[in-house]
Amino acid sequence: TKGGTGGGLTEAEFASTLMSLSNGDGHMQALDRTSSASSSLSNGDSNIPDLPANSSPDAVLLHKKHRRLIKNRESAQLSRQRKKSHLETLEAQVQALEAERAALAQRMRELTEENERLKMKDSPDSVVAA
């Protein structure tokens, strides 16, 4: 588990726990994570093998809990990625809007100066007496 938080099991701890659980007839169950007989979850997004059909109830519950924890971690990671992407998009928008604001402020200064020049040019004080 990441940082050991959440009370979740690592895959090694999970496999070790399952191997120590009896299948009800006194024999020990072991997971062969490398064999082709160990299929992945139905949605294919995790590498947790399915339990054998003769698994003990404790092993089934532990397996379900572990699958749920892994799915939750994957969902949380996806959520963090979406949040990061959204934040990057917002930061890019902020930069674009700040650049636009600076350009508009400069244009406003230029127009204000031009307006003042035109007022001075057209003011009666600037007319020379003939």
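One numbering rule holds for all chains: residues counted from 1, following each sequence as written. This being a predicted model, a pLDDT of at least 70 is required before a residue's local features are given, and a value of 80 or more before pairs of side-chain atoms are given or counted; all residues contribute to the totals for chains, interfaces and linings. Neither water nor hydrogens contribute to the side-chain values; these are computed over all heavy atoms in the structure.

### Regarding the overall build of the protein chain
How we decide: Secondary structure elements follow DSSP: runs of H or I no shorter than four residues count as helices, runs of E no shorter than two count as strands, and numbering proceeds from the N terminus. Exposure categories follow from relative accessible area, calculated using a 1.4 Å probe and restricted to protein chains: below 20% of the type maximum is buried, above 50% is exposed, and the middle band is partly exposed. The criterion used for residue contact is that any of the two residues' heavy atoms lie within 4.5 Å. Using a 1.4 Å probe, the Shrake-Rupley method yields the accessible areas, and only the shown protein chains count as cover for residues.
Summing up its helical and strand segments, the protein chain has 2 helices and 0 strands in all. Sorting the 130 residues of the protein chain into buried and exposed places 16% on the buried side. When contacts within the protein chain are restricted to residue pairs at least 6 apart in sequence, those whose partners lie at least 24 apart make up 44%. For the protein chain, the computed accessible surface area is about 10100 Å², with 56% contributed by carbon and sulfur atoms.

### Quick notes on helix α2 (residues 57-122)
Where we set the bar: Every helix has an expected span of 1.5 Å times one less than the residues it contains.
The terminal C-alpha atoms of α2, which comprises 66 residues, lie 95 Å apart, in line with the 98 Å expected from a rise of 1.5 Å per residue. Those residues of α2 that fall on the buried side of the exposure criterion are A59, L62, H63, H66 and I70.

### What to know about the side chain of S123
Spelled out, the test is: Whenever two N or O atoms come within 3.5 Å, that pair is a polar contact, provided that in protein one can donate a hydrogen and the other can accept it, and provided that, for residues adjacent in sequence, both atoms are side-chain atoms.
Within the fold, S123 resides in the segment after α2. A distance of 3.1 Å separates a polar side-chain atom of S123 from the backbone oxygen of M120.

### Details of the pattern of salt bridges
For the record, the criterion: Take a side-chain nitrogen of Lys or Arg and a carboxyl oxygen of Asp or Glu: if they are within 4 Å of each other, that pair is a salt bridge.
Taken as a whole and judged by the stated rule, the model has 1 salt bridge. A salt bridge links K119 to E116; its shortest N-O distance comes to 4.0 Å. Residue K119 and its partner E116 are located together in helix α2, separated by 3 residues, close to a single helical turn. A residue is classified by how much of its surface remains accessible, and K119, at 47% relative accessible area, is partly exposed.

### So, the confidence of the model for the protein chain
Operational definition: A residue's pLDDT is simply how confident the predictor is in it, with values from 0 to 100.
Confidence along the protein chain averages 76 in pLDDT terms, with 59% of residues attaining 70 or more. Within the model, pLDDT remains below 50 along residues 1-6, and this stretch shows 6 contacts once partners closer than five positions in the same chain are excluded. Counting interchain partners and residues more than four positions distant, the pLDDT-below-50 stretch residues 26-45 has 37 contacts.

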